[in-house]
Amino acid sequence: MTEKHLWHGRFNEAPADSLMAFTQSIGFDVRLWQDDIAGSIAHAQMLGASGVLPRTESDAIVAALRRVESEFASGTFAFAPNDEDIHTAIERRVTEIAGAAGARLHTGRSRNDQVATALRLFAKREFAATARRVLHCIDVLDRRAQEVGDTYLPGYTHLQRAQPVLLSHHLRAHAWALSRDVGRLLDAITRLDVSPLGAGALAGTSLPTDAHDSQRRLGFAGIFANSLDAVSDRDFVAEGIFALTMVAVHLSRIGEEWVLWTSEEFGFASLSDRHATGSSMLPQKKNADIAELARGKAGRIIGNLTGLLATLKGLPLSYNRDLQEDKEPLFDSLDQVNRGLEAVADMISAATFHVDVMQRAADAPSLVATDLAEWLVARGMPFRQAHAKVGELVSRSLASGTSLVDLVRADDQLGPDAAALFAPGIAVRRRTSHGAAGPSAAASQREELHRVITALQARLP
Ligand code: ARG
């Protein structure tokens, strides 16, 4: 063998090409370079501070790591064929630079605690970055909600027109869902903020290392209590991917609505040219591809979550190479969710709402039915009886072709006062209860949303 693997000692033959091709992770875990270097610097400094290595040696290792860092930052780091993952690549280069001192970097450490450390540092930073992107998307929804004032549209259940709701209320409903995602990402950060460094391969070390020292240097809030758990725990990856999956599911639901809203059938909104695509054959087409992919990519992101859980479910303690399969689903979910958040926020931000179409749809007589029933209830009729009475009027209107408003005007118990409820825009204003869809509850809801967002922002690391 020309160049040796880090673990070559007990082997007499070089690894097969097929083994390397199948098992190496450098193609994707290269993304952890800065986190691996941060972990290694903290480890080397700890070895110097605790007297496991002479200061001159720990200083030489740290200087070599800083040089590797600048090689990565400038894109000049040269990979070798035997670099099976980012951790071995960096250690190999440190040893090239620092010679005998470099060969001491791995003292009291295993790739198992090393990789867990790097991945936690990465996840901590990236979950916070995604949380910021979710907050931006919430801000776009809230700004558009503010802009559209008292515009209303039909609210739906079962995708059947139900009652009129303010457009701002509808947009903020999605903002509320996304605000919970920010909370989940921040909760995941709180739980993952634990240093696994010092757990070694699985059982700690006989050397007088100081895991609290490296924990403090890395800025982790806590430290592992059990070395087996420290190297086998990927709960934080699964939890983070779940939080990302929930974002994806929320973006997917938004996407589905925008596909509908921008269709000719609904006509509630138009996309800006910059956020729509054309057809290669049909010259008239303007397609909502961002909305469709917001919906479509959720499938694959759910796959990342279920894939990782399936990988974890059968693993005995402690580290198993299966755990290397934690990274691609995490990276992919982060990338897809980050891009989706940006595209959906841009799409919504630049879209045009067709207020007249929305309001005309919401002014359809059938959407007043609940108000008629409540009007009777306010005058003493039991709700069930009122519901049945209005239902019969709706049925009679459909069968006879007489408009519902005429039937209401002519009715003994309803009459002209109740018929006034059909005037455009009346029904939405009557939604006055706590958190309701009408204008009177909108201002306090907005304040509450801003309060929640401010509290979430304060929790960002
Ligand atoms: N690339 C590996 C991973 O991501 C590093 C750990 C390998 N450790 C080992 N003992 N083979 O999990």
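Since the model is a prediction, treat every value here as computed from it, not as a measurement. (Residues numbered from 1 in each chain as written. Predicted model: local features only at pLDDT ≥ 70, side-chain atom pairs only at ≥ 80, totals over all residues. Heavy atoms only, no water.)

**Student:** Give me the lowdown on helix 6 (residues 111-147), citing residues and values where you can.
**Tutor:** An α-helix turns once per 3.6 residues; consequently, residues spaced three or four apart project the same way. Over its 37 residues, helix 6 runs 53 Å from end to end, which matches the ideal 54 Å to within 8%, given 1.5 Å per residue. Burial runs high along helix 6: 27 of the 37 residues are buried. Capping the start of helix 6 is the job of one residue whose side-chain oxygen sits 2.8 Å from the backbone nitrogen of asparagine 112: serine 110. (Helix = DSSP H or I, 4+ residues; strand = E, 2+ residues; numbered from the N terminus. Expected span 1.5 Å × (residues − 1). Buried < 20%, exposed > 50% of the residue type's maximum accessible area, 1.4 Å probe, protein only. Polar contact = N/O pair within 3.5 Å; in protein donor to acceptor, adjacent residues only side chain to side chain.)

**Student:** Which residues make up the nonpolar core, and what values do they have?
**Tutor:** Of all hydrophobic cores here, the largest spans 91 residues; its most connected members are Phe127, Trp258, Trp261, Leu330 and Phe353. Examining the composition of this core, we find that 13 residues originate from one element, helix 6, more than from any other. Aside from chain neighbours lying at most four places away, what touches phenylalanine 353 is Arg144, Val148, Leu167, Leu171, Trp258, Trp261, Phe268, Ala269 and Met358. Core analysis: the next-biggest nonpolar cluster, separate from the first, contains 18 residues, Val390, Leu393, Val408 and Ala419 among them. (Core = buried A, V, L, I, M, F, W, Y, C linked by side-chain atoms within 4.5 Å. Contact = heavy atoms within 4.5 Å.)

**Student:** Explain the pairing of strand 1 (residues 152-157) to me, using residue names and the numbers behind them.
**Tutor:** Here strand 1 runs beside strand 2 (residues 160-166); their pairing, made up of six bridges, is antiparallel. Directly across from glycine 155, in strand 2, lies its bridge partner glutamine 163. (Pairing = 2+ DSSP bridges.)

**Student:** Tell me what's going on with the site of the ligand, and back it up with residues and numbers.
**Tutor:** In the region of the ligand, the neighbouring residues are Ser25, Asp29, Asp85, Arg111, Asn112, Val115, Tyr319, Gln324 and Lys327. Within the side chain of aspartate 85, a nitrogen or oxygen atom sits 2.8 Å from a nitrogen atom of the ligand. Within the side chain of asparagine 112, an N or O atom sits 3.2 Å from a nitrogen atom of the ligand. When the ligand sits alone it has 340 Å² of accessible area, and the protein chains cover 85% of it. For the shell around the ligand, the leading source of residues is helix 6, giving three residues. Looking at the shell around the ligand residue by residue, the classes come out as two nonpolar, three polar and four charged. (Near = heavy atom within 4 Å. Areas by Shrake-Rupley, 256 points an atom, 1.4 Å probe, with all protein chains shown as cover. Nonpolar A, V, L, I, M, F, W, Y, C, P; charged D, E, K, R; others polar.)

**Student:** Please provide a residue-by-residue account of the environment of tryptophan 33, values included.
**Tutor:** Of note, tryptophan 33 is situated in helix 3 (residues 33-49). In this structure, the C-alpha to C-alpha distance between tryptophan 33 and histidine 87, residues 54 residues apart in sequence, is 7.9 Å. In contact with tryptophan 33, not counting residues within four places along its chain, are Glu69, Phe72, Ala73, Ile86 and Ile90.

**Student:** Outline helix 14 (residues 369-378), supporting the account with residue identities and numerical values.
**Tutor:** Along helix 14, the positions that sit buried rather than exposed are Ala369, Asp371, Leu372, Ala373, Trp375 and Leu376. Against helix 15 (383-400), helix 16 (404-410), helix 17 (415-419) and helix 18 (426-429) lie the buried residues of helix 14. Of the residues one or two after helix 14, glycine 380 is the one with positive phi, at around 105°.

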